[in-house]
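# Working through the structure, step by step
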Amino acid sequence: MSQKYIKKKNNNAESTAYGKYYASPVYDEHFIETDDIAEFIQTQASLKRSDIKGALDELGEAVKHFLELGQKVRLAGLGIFKVGFSSVGVAKAEDVSAATITTRRVIFTPETERIVVGQGKNKQGQVVQKYINAKRLVKDVVFEETHDNAMNVEPVNP
């Protein structure tokens, strides 16, 4: 399978990219649910779907618990989850308090892996590797243009 995209024109006259075309992601309206993930994992492992589903159901509660304790949560193969927030600015440090926090969110940082893409020489003439840090979850995603009007198109501001 592949990530579908359509070609979209930037019609925002205020944008420096006005009039340019971009690839815009397209998603269908179906979400992959916990049951679907449990079914998939069952085909890959020697566990029963019901056991996997139970563990996945508890995963959300476990992550929530540790975030509430102010911890960062690393899930191997996925990445790191942590709490982020915004607050209003105040004139004096002593006026900063939990009451000045206005929004809270979960920040997700995907796991990366170092991929060697070549080698070169540094200023001292030593051979060094050139590498990139690829987001492990999406490094193998293949892209394919679609013209399927049945898919739900999410608007994207480039």
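In this numbering scheme, every chain counts its residues from 1 along its sequence in written order. Predicted model: local features are reported for residues with pLDDT of at least 70 only, side-chain atom pairs are reported and counted for 80 or more only, and whole-chain, interface and lining totals are derived from all residues. Heavy atoms throughout the structure, all of them, feed into the side-chain values; hydrogens and water do not.

Another point: helix α2 (residues 49–68). Taking 1.5 Å as the rise per residue, α2 with 20 residues should run 28 Å; its terminal C-alpha atoms sit 29 Å apart, in good agreement. Bend at a given residue is defined as the angle between two axes, one fitted to the seven residues that end at that position and one fitted to the seven that begin there. The helix count covers DSSP runs of H or I at least four residues long, the strand count covers runs of E at least two residues long, and both are numbered beginning at the N terminus. For α2, the principal kink sits at L59 and spans about 25°. Burial classes: relative accessible area under 20% of the type maximum marks a residue as buried, over 50% as exposed, and values in between as partly exposed (1.4 Å probe, protein chains only). Those residues of α2 that fall on the buried side of the exposure criterion are I52, V63 and L67. Two residues or fewer after α2 comes G70, characterised by a positive phi angle close to 85°. Any helix carries an expected span of 1.5 Å times its number of residues minus one.

Definition of nonpolar core: a set of buried residues of the types Ala, Val, Leu, Ile, Met, Phe, Trp, Tyr and Cys, connected through side-chain atoms within 4.5 Å. V63, L67, V73, L75 and F81 together form the largest nonpolar core, which totals five residues. For this core, the elements supplying multiple residues, two or more each, are α2 and β3 (73–75). Contacts are assigned to residue pairs with any non-hydrogen atoms lying within 4.5 Å of each other. Apart from the residues within four sequence positions on either side, F81 is in contact with L67, Q71, K72, V73, L75, V106, I107 and F108.

A separate point is the sheet that holds β3. Pairing is antiparallel in the open sheet, where three strands are placed in the order β3-β4-β5. Each having just a single partner strand, β3 and β5 (101–110) make up the two edges of the open sheet. Each strand axis lies, on average, 25° off the axis of its neighbour in the sheet, ignoring direction. Pairing between strands is defined by DSSP: at least two bridges between them are needed. Here β3 pairs with strand β4 (residues 79–87) via three bridges, running antiparallel. To get an axis, a line is fitted to the C-alpha atoms, and for a helix only the part in contact is used. The angle between two axes follows their N-to-C directions and goes from 0 to 180 degrees.

Attention now goes to the environment of S50. Relative to the helices and strands, S50 is located in helix α2. S50 sits in the partly exposed class, given a relative accessible area of 46%. Remark: the alpha-carbon pair of S50 and E39, spanning 11 residues in sequence, is separated by 8.9 Å.

Salt bridges are defined by distance alone: a side-chain nitrogen of Lys or Arg within 4 Å of a carboxyl oxygen of Asp or Glu. Going through the model one piece at a time under the given rule, you end up with seven salt bridges. Put simply, E39 and R49 hold a salt bridge, and the shortest N to O gap is 3.6 Å. Separated by 10 residues along the polypeptide, E39 in helix α1 (residues 34–44) and R49 in helix α2 bring together distant segments of the chain. Of the residues examined, E39 reaches a relative accessible area of 39% and is grouped as partly exposed. On the basis of relative accessibility, which here comes to 30%, the residue R49 falls in the partly exposed class. Note that K53 is salt-bridged to D57, the shortest N-O span being 2.9 Å.

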